Amino acid sequence: MGHRTSTCLALLLFTGVATGALIPKQHPVHIEQEEYLEADDWFQAGVELNSEGNYREATEAFSRSVALAPGNSLAWLNLGTTQALSGDYNRAIDSLKKSVLLDNSLALAYSNLAEVCFKADRFKEAVEAYTSLLKLWPGNANALYKLGLSHLLLGQSEKAQGEYLSLKLVDPELAEKLHHAIIQGAGK
């Protein structure tokens, strides 16, 4: 009887090791375990929370990431993006400006900054961001369109017309939308 018990235990142990059942499992990171997390851990948690649509929690995770690694332009970009998705445009603009300050070659940061400034009716800042974006990504039709609209909303119809002409070469359909807006703006 003792021999069978030993054999059964050995088989169970071997099966457990072979199947991985006895190997410790990684537990998902919970936001309460903050004392164990480094900047990269918080960044990854923010990415996961953002992909699940948990923007407020993602904002908290990215905030913790930038607190630990304030020189990470991608963390600032993601923080600003989740702040914008949460409707906190002023903080989003500040975070996105920090991102482009840290890395002025980050086209996505300029794109998000320009869009948030546009949504927040901060058209002068939107013009600056779209202009910087177009230096990095010259054929960006959306940037040309929104830059034209921003100029138009600032009362600069001649500059809007210039963006229309540039956009016409890139995306004629979108250019017509801008042209229509320019005509409507001139009629007011």
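**Q** Describe the packing of helix α7 (residues 123-136) against helix α8 (residues 141-153), listing the residues and the values that go with them.
**A** Two measures define how a pair of helices packs: the angle their axes make with one another and the distance between the axes. Axis separation between α7 and α8 bottoms out at 9 Å; the angle between their running directions is 150°. With respect to each other, α7 and α8 are oriented roughly antiparallel. Along this stretch, α7 crosses α8, giving a crossing that reads as left-handed. Residue-level inspection shows Phe 123, Ala 126, Val 127, Tyr 130, Thr 131, Leu 133 and Leu 134 of α7 in contact with α8, the latter providing Ala 143, Leu 144, Lys 146, Leu 147, Ser 150, His 151 and Leu 153. Per-class residue counts for the contact of α7 with α8 are ten nonpolar, three polar and one charged.

**Q** How would you explain helix α4 (residues 73-85) if you had to name every residue and give the values?
**A** The end-to-end C-alpha distance of α4 is 18 Å, a good match for the 18 Å that 13 residues give at a rise of 1.5 Å each. Here α4 has its buried residues at Ser 73, Ala 75, Trp 76, Leu 77, Leu 79, Gly 80, Thr 82, Gln 83 and Ala 84. Contact partners of the buried residues in α4: α2 (39-51), α3 (55-68), α5 (89-102) and α6 (107-119). The distance from a side-chain oxygen at the start of α4 to the backbone nitrogen of Leu 74 is 3.0 Å, and the residue carrying that oxygen is Asn 72. Following α4 by one or two positions, Gly 87 has its phi on the positive side, about 90°.

**Q** Break down the environment of Leu 101 for me, citing the residues and quoting the values.
**A** If you trace the backbone, Leu 101 turns up in helix α5. Distance in space between the C-alpha atoms of Leu 101 and Ser 73 is 8.1 Å, their sequence separation being 28 residues.

Each value, and the rule that gives it
- Residues numbered from 1 in each chain as written.
- Predicted model: local features only at pLDDT ≥ 70, side-chain atom pairs only at ≥ 80, totals over all residues.
- Heavy atoms only, no water.
- Axes fitted to C-alpha atoms, helices over the stretch in contact; angles between N-to-C directions.
- Helix = DSSP H or I, 4+ residues; strand = E, 2+ residues; numbered from the N terminus.
- Parallel < 35°, antiparallel > 145°, perpendicular 65-115°, else oblique.
- Left-handed = near helix turned anticlockwise from the far one by under 90°.
- Contact = heavy atoms within 4.5 Å.
- Nonpolar A, V, L, I, M, F, W, Y, C, P; charged D, E, K, R; others polar.
- Expected span 1.5 Å × (residues − 1).
- Buried < 20%, exposed > 50% of the residue type's maximum accessible area, 1.4 Å probe, protein only.
- Polar contact = N/O pair within 3.5 Å; in protein donor to acceptor, adjacent residues only side chain to side chain.

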